[in-house]
Protein chains: 2
Amino acid sequence: MTSTRMALATAARPREAEILDSIRQTFAEKGFDGASMQDLARAAGMSVGNFYRYFPSKAAMVEAIVTRDLAEVEEKFTGIAAAADPLAALRCGLHQHIEEECSGCDDGPLWAEITAAALRKPEIGAVVQKMESEIRGYLLSAFAMIAGMPRDEAERRFAAHSAMVVMLVKAAAIQAQAGGQVSAGRIELNGLVKRMIDAVLAEVAAAQSKD
Amino acid sequence: MTSTRMALATAARPREAEILDSIRQTFAEKGFDGASMQDLARAAGMSVGNFYRYFPSKAAMVEAIVTRDLAEVEEKFTGIAAAADPLAALRCGLHQHIEEECSGCDDGPLWAEITAAALRKPEIGAVVQKMESEIRGYLLSAFAMIAGMPRDEAERRFAAHSAMVVMLVKAAAIQAQAGGQVSAGRIELNGLVKRMIDAVLAEVAAAQSKD
DNA sequence: ATGTGATGAATGAACATTCACTCGCCCCAA
DNA sequence: TTGGGGCGAGTGAATGTTCATTCATCACAT
């Protein structure tokens, strides 16, 4: 997804999206509280005063980031829902996401910041909350398709499974950016994360035959 | 572990430990960058000037926090190593830790902050890195006992497993503090986390019979 | 007296937020 | 075609606040 963003960076596209990219990077580099308004404005290539016209507060920035990412996620899930084999498509999509986070796309620091900020600032907590619950919603819809059960039954039986997938993906993204282990260790861990995700999906798929 | 800290809070114990507790809370409440030196000093019940005598920088505070927590972890692992059934002891210890993080002990925000800060500030990254690699080391030693293999073989085969356990425990602690889901949902997720940990441990234990 | 642990006011830098202002552009009357 | 006038993006200096860090000073036990 980052590649898409990068590819279009030079082309004509709404100003706000470009600004959003610079905000992402600045938050990732300096932290949520560490990034000053002047840092953010300068990174966006504009004056401080004008910057306030776009984002009156940091919470508004997080909201914009979340909204855009959520749209990308939704797109992916509509693709999965339309696939001939939703289970395979979901599995593949998740594996790919884990791969991407490991190399190239460095969203880990950004989400570490946002996660931490969400636990302190209620406005941000609410925004992040909403995002995660929407993603869990997409997952549950996919689970319902996979297990061949009504949506509300999937909700009852697989709420924890959806939460686990979200948690694993986020944790893996954050962990992938921790510089410590050699690359071999990271790859091994990523493989294990993928197997864990497979195990969660297997439990969902197993409900199909039982019912 | 928090309970231990709390119980001794009023009794006579080294000053630095008390200060450390107040620092933990302040970081958790205001964030790593959000907490000013004056905030930290006031929370510790002392003047700003004197505070610098104890901790000349925020990195030093993180180092002290990490060092103390690491000592607690080491204690737990020596207990596990001495147990009649190390697998059961490790499993039980991990489950208990997941339980604790869910209710009562709110270390989630603190570790979210430290994790985020570690990705930005190299000094903190190094400290956190060292802590996690030591914990992975304890886990690997336990794995070696459980699987009945030399320590270096465990290191080769289960590096990812140890990293996964650390990741799961941390992610669960952070997730447990996110206010969104009702308590029922949290408990379900905790149960699934425990099962995931069990699955990882089962893989380690399974190596025993094969070899 | 003297050393030790503690204080909190002082300093200058950095911060969030506002505001008076410029400039380029487009629409429309003449 | 032209020119004036309004509109909105963009500026950066000004204001009052908070920050990290230092240091002259204090209380007091020895």
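Refer to the structure above for everything that follows.
Keep in mind it's a predicted model, so treat the numbers as computed, not measured. (Residues numbered from 1 in each chain as written. Chains lettered and ligands numbered in written order. Predicted model: local features only at pLDDT ≥ 70, side-chain atom pairs only at ≥ 80, totals over all residues. Heavy atoms only, no water.)

**Q** Mind laying out the pattern of salt bridges, listing which residues take part and the relevant values?
**A** For the coordinates displayed, the defined rule picks out 26 salt bridges over all chains. Residue Arg68(A) is joined to Asp21(A) by a salt bridge in which the shortest nitrogen-to-oxygen separation is 2.7 Å. Here Asp21(A) lies in helix H2 (residues 15-30) and Arg68(A) lies in helix H5 (residues 58-82), a separation of 47 residues in the sequence. A relative accessible area of 17% means that Arg68(A) is categorised as buried. The shortest N-O distance in the salt bridge between Glu153(B) and Arg157(B) comes to 3.0 Å. In this pair, Glu153(B) and Arg157(B) are both assigned in helix H9 (residues 151-176), 4 residues apart and thus about one turn of the helix distant. Glu153(B) sits in the buried class, given a relative accessible area of 16%. Judged by relative accessible area, Arg157(B) falls into the partly exposed class, the value being 34%. One continuous salt-bridge network, built from bridges that share partners, spans Asp33(A), Arg120(A), Lys121(A) and Glu113(B). (Salt bridge = Lys/Arg side-chain N within 4 Å of Asp/Glu carboxyl O. Helix = DSSP H or I, 4+ residues; strand = E, 2+ residues; numbered from the N terminus. Buried < 20%, exposed > 50% of the residue type's maximum accessible area, 1.4 Å probe, protein only.)

**Q** Describe the environment of Leu94(B), naming the residues involved and giving the relevant values.
**A** All names here are of chain B. Tracing the backbone shows Leu-94 in helix H6 (residues 86-102). Separated by 14 residues in the primary sequence, Leu-94 and Ile-80 place their C-alpha atoms 11 Å from one another. Not counting chain neighbours up to four residues away, the residues in contact with Leu-94 comprise Val-165, Val-169, Ile-197 and Leu-201. (Contact = heavy atoms within 4.5 Å.)

**Q** Describe the side chain of Thr26(A), naming the residues involved and giving the relevant values.
**A** Along the chain, Thr26(A) turns up in helix H2. Apart from the residues lying within four places of it in its own chain, the contact partners of Thr26(A) are Gly31(A), Ala35(A), Asp39(A), Leu40(A) and Ala43(A).

**Q** Pulling in residues and values, what's your account of the relation of the copies chain B and chain A?
**A** With an RMSD of 0.0 Å, the fit of chain B onto chain A corresponds to turning through 180° and sliding 0.0 Å along the axis. Classification of the inter-copy transformation places it as that of a two-fold axis. Comparing contact sets, 100% of the residues at the interface of chain B also lie at the interface in chain A, consistent with an isologous, same-surface contact. (Least-squares fit on C-alpha atoms with pLDDT ≥ 70 in both.)

**Q** Could you give me a rundown of the protein's contact with DNA strand C, with the residues and numbers involved?
**A** Taken together, Ser36(A), Met37(A), Gln38(A), Val48(A), Gly49(A), Tyr52(A), Met46(B), Ser47(B), Gly49(B), Asn50(B), Arg53(B) and Tyr54(B) make up all the residues around DNA strand C. Within 4 Å of the protein, the atoms of DNA strand C are drawn from sugar and phosphate moieties in a proportion of 61%. Here a phosphate oxygen of DNA strand C sits 2.9 Å away from a polar atom, N or O, in the side chain of Tyr52(A). Contacts to DNA strand C include Asn50(B), whose side-chain N or O atom sits 3.4 Å from a sugar or linking oxygen. Counting residues per element, the ones that place at least two in the surface near DNA strand C are helix H3 (37-43) and helix H4 (48-54) of chain A together with helix H4 (48-54) of chain B. If one sorts the elements of the surface near DNA strand C by residue count, H4(B) sits on top with 4 residues. Looking at the surface near DNA strand C residue by residue, the classes come out as 5 nonpolar, 6 polar and 1 charged. (Near = heavy atom within 4 Å. Polar contact = N/O pair within 3.5 Å; in protein donor to acceptor, adjacent residues only side chain to side chain. Nonpolar A, V, L, I, M, F, W, Y, C, P; charged D, E, K, R; others polar.)

**Q** Go over the protein's contact with DNA strand D with me, naming the residues and quoting the values.
**A** For DNA strand D, the set of nearby residues contains 14 residues, the closest of which are Ser47(A), Arg53(A), Tyr54(A), Met37(B) and Gln38(B). A share of 61% of the atoms of DNA strand D within 4 Å of the protein falls on sugar and phosphate groups. Between DNA strand D and Tyr52(B) there is a distance of 3.1 Å, counted from a phosphate oxygen to a side-chain nitrogen or oxygen. Secondary structure elements with two or more residues in the surface near DNA strand D: H4 of chain A together with helix H3 (37-43) and H4 of chain B. Here the surface near DNA strand D gets 4 residues from one element, more than from any other, and that element is H4(A). Of the residues belonging to the surface near DNA strand D, the class tally is 5 nonpolar, 6 polar and 3 charged.

**Q** Can you tell me about the nonpolar core, naming the residues and giving the values?
**A** With 133 residues, the main nonpolar core has Ile23(A), Phe51(A), Leu90(A), Ile23(B), Phe27(B), Phe51(B) and Leu90(B) as its most contacted residues. Among residues more than four places away in sequence, those in contact with Leu90(B) are Phe77(B), Ile80(B), Leu139(B), Ala142(B), Phe143(B), Ile146(B) and Leu201(B). Counting 6 residues, the second-largest nonpolar core is a separate cluster that includes Ala112(A), Ala116(A), Ala116(B) and Ile174(B). (Core = buried A, V, L, I, M, F, W, Y, C linked by side-chain atoms within 4.5 Å.)

**Q** Describe in detail the interface of chain B and chain A, supporting the description with residues and values.
**A** Listed by partner, the interface residues are 44 residues for chain B and 44 residues for chain A. Roughly 3300 Å² is buried in total at the junction of chain B and chain A, and carbon and sulfur atoms are behind 67% of that figure. Between chain B and chain A we count 4 salt bridges in total. The residue Arg120(B) makes a salt bridge to Glu113(A) at a minimum N-O spacing of 2.5 Å. Put simply, the parts of the chain that give the side of chain B that touches chain A at least two residues each are helix H2 (15-30), helix H7 (108-120), helix H8 (122-147), H9 and helix H10 (183-210) of chain B. Ranked by the residues each element gives to the side of chain B that touches chain A, the list is headed by H9(B), at 13 residues. Tallied by class, the residues present in the side of chain B that touches chain A amount to 21 nonpolar, 11 polar and 12 charged. (Buried area = accessible area lost by both parts, 1.4 Å probe.)

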